Amino acid sequence: MKGAMQGERVTYVYDSSIRVPDDVHALTGIERFGAMIVHRQRLADAALAAARAAGCHECLHVRTEGELRLVAERIADAAPNTRVLYQSSRYALGEEESRAALQALMGAEAACGYVRGGALLLGMPDIVAGHWLANEYRHGPPPCTVLPDDPAALDLCAPADLAEMLGRMMLPRAFNQLRQHGAVVEKSSRDRAKIRAEFEMIGLLPDELRAMFVQPFDFHDDGAVASYRMERLNVPDMGLQWVHDALDPEEFSGFLERVSRWFERRPLRHVGAARAADVARELYVDKVLRRADAFEAMPACEAVDRYLSARQGAGFRALVTRCIAAVERVSRAAHLDALAMSHGDPCLSNILYDKRVGLLRFIDPRGALDENALYMDAYYDVAKLSHSILGDYDYLHQGLFDLALDDALSLELRLNRGVQFQQQRAFRDRVAAWGFDLPTVRAYEASLFVSMAPLHADAPRRVVALLLNAERILTELGR
């Protein structure tokens, strides 16, 4: 084992028994720091993975006060050649940083030491267990040698460090980059036209609706990469708050009240039923067919199709056909003759929201270079929001799901989600109040999931989950 002295065994303990302070809970909804999700992993899972990769012989996850005392007593009786690495969940490092720090600690000759910031403590069993039982390690390390000089750990109880972690929690799309510069976030991409369209779109909006967006500035295009900057708001996006189950039903009603301003006040453009139907068909039928063709040309499609075909003999193309039939059926019933000014992608992860003060800001719009491009099918933004709230997109996006065999040996999607029935019911009521037909919203939502297949082809397991979710929605609709 790299770094460890010959004959020694190293036990790693991750302690998430400490409850988060009230202000952190109010902002994120988590009860324990280890439950925070960053880059599709809970902090506890990432820390334990880093410890295994570093070569620790045993990795323990302590979740309660009682477990902490039992582990401390067990460690106190461990063999003399056992060394202990302890991490309080209030301190966090990146996964690569954690592995490097652990390896440095494991190779240290000091009896007791820690990473700058207090994240990781090393010591002999009697030393470590004694401090545990006295609860000294839980709120900062005792005097000991500082081992690696860099990096420092983030103390998630400190407002500045928590803000830094909230920034890490955001998942940019594969073709974008996000960089933080103090109070500013810079978004850049080689898709220069998309970045310009996002930047220009905000200036085309009516003043009242423009105020609902984080304002971009300092657009730059060097011919290879385009970028713009925005104010950095230390506010988590609603997608992360949703999967952390951060808003109770009353708080979620406050969110719906504020997001309603967009759906109730955005301008409509009456173009006639035929033109509106053509726009809807392009979004929910033609785009799905183009994306399906693209996915079938990708290597991942064969494996995905094999799993889907095991379910009642219906593979990927059969699901596409079923989805389009459902869309065409509900589109005929919608009878819209108008387009609506649209964000283009108001899923929960593109909405920043602070429930404490009711601050709501949109980010990452679809983009537009002229006023005509602002208008889309009136259902589109509602379907995008619904695919997060009713369709569980953010759970799938963050990897909070399992694929398992049911009793009939058919693949089944199981979500690791909270109980948010009241919030979902409130959203359904709000959709009706906005004047939209819910079955139409759900059918369009299913088409969104099917059309995502080629966009996630680098993660076939996630593609299977997205498509099984589309199938679930269609089954619930009786389609």
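Before reading on, note that the structure itself is shown above.
The rules behind the values
- Residues numbered from 1 in each chain as written.
- Predicted model: local features only at pLDDT ≥ 70, side-chain atom pairs only at ≥ 80, totals over all residues.
- Heavy atoms only, no water.
- 1 Å grid on protein atoms, 1.4 Å probe; cavity = no way out; pocket = protein on both sides within 12 Å on 5 of 7 lines; lining within 4 Å.
- Points joined across faces, edges and corners; volume = space filled by probe spheres on them.
- Helix = DSSP H or I, 4+ residues; strand = E, 2+ residues; numbered from the N terminus.
- Nonpolar A, V, L, I, M, F, W, Y, C, P; charged D, E, K, R; others polar.
- Pairing = 2+ DSSP bridges.
- Axes fitted to C-alpha atoms, helices over the stretch in contact; angles between N-to-C directions.
- Contact = heavy atoms within 4.5 Å.
- Core = buried A, V, L, I, M, F, W, Y, C linked by side-chain atoms within 4.5 Å.
- Buried < 20%, exposed > 50% of the residue type's maximum accessible area, 1.4 Å probe, protein only.

S.K.: Please set out the layout of surface pockets residue by residue, giving values where relevant.
M.R.: By volume, the second largest pocket amounts to about 430 Å³. Only α13 (316-334), β21 (411-415), α16 (421-433) and α18 (460-476) provide two or more residues apiece to the lining of the second largest pocket. Sorting elements by how many residues they give to the lining of the second largest pocket places α18 first, with six residues. Residues that form the lining of the second largest pocket fall into these classes: 10 nonpolar, four polar and 11 charged.

S.K.: Describe the sheet that holds strand β19 (residues 375-377), listing the residues and the values that go with them.
M.R.: Spatially, three strands are ordered β15-β16-β19 in an open sheet, and the strand pairing comes out antiparallel. Edge positions in the open sheet fall to β15 (268-270) and β19, since each of these has one partner strand only. Ignoring strand direction, the axes of neighbouring strands in this sheet form an average angle of 40°. Relative to β19, strand β16 (residues 338-341) runs antiparallel, the two being bridged by three bridges. Paired with L339 across the bridge in β19 is D377. Relative to the sheet, helix α11 (residues 273-296) contacts β16 and β19, its axis offset from that of β19 by approximately 75°.

S.K.: How would you explain the nonpolar core if you had to name every residue and give the values?
M.R.: Counting residues in hydrophobic clusters, the biggest one holds 89 residues, and the most contacted among them are F255 and V259. Excluding its chain neighbours within four sequence positions, the residues that come into contact with F255 are M238, L247, L348, I351, Y353 and L360. By size, the runner-up hydrophobic cluster in this structure holds 28 residues, among which are V20, L43, A51 and C56.

S.K.: Could you give an account of empty space enclosed by the protein, with specific residues and numbers?
M.R.: Over the atoms, a rolled probe matching the size of one water molecule traces out where space is still vacant. Under the defined criterion, the tally for this structure stands at two cavities of 30 Å³ or more. Volume-wise, the largest cavity comes out at about 60 Å³. Forming the walls of the largest cavity are E198, I202, F213, V214, P216, Y228, M230, F362, I363, D364 and P365. At the level of elements, α7 (192-204) and β14 (226-231) are the ones that each hand at least two residues to the lining of the largest cavity. Considering only residue class, the lining of the largest cavity consists of nine nonpolar, no polar and two charged. Lining the second largest cavity are M238, Q241, W242, D245, A246, L247, F252 and Q420. Among the elements that take part in the lining of the second largest cavity, helix α9 (residues 238-243) stands out by supplying three residues, more than any other.

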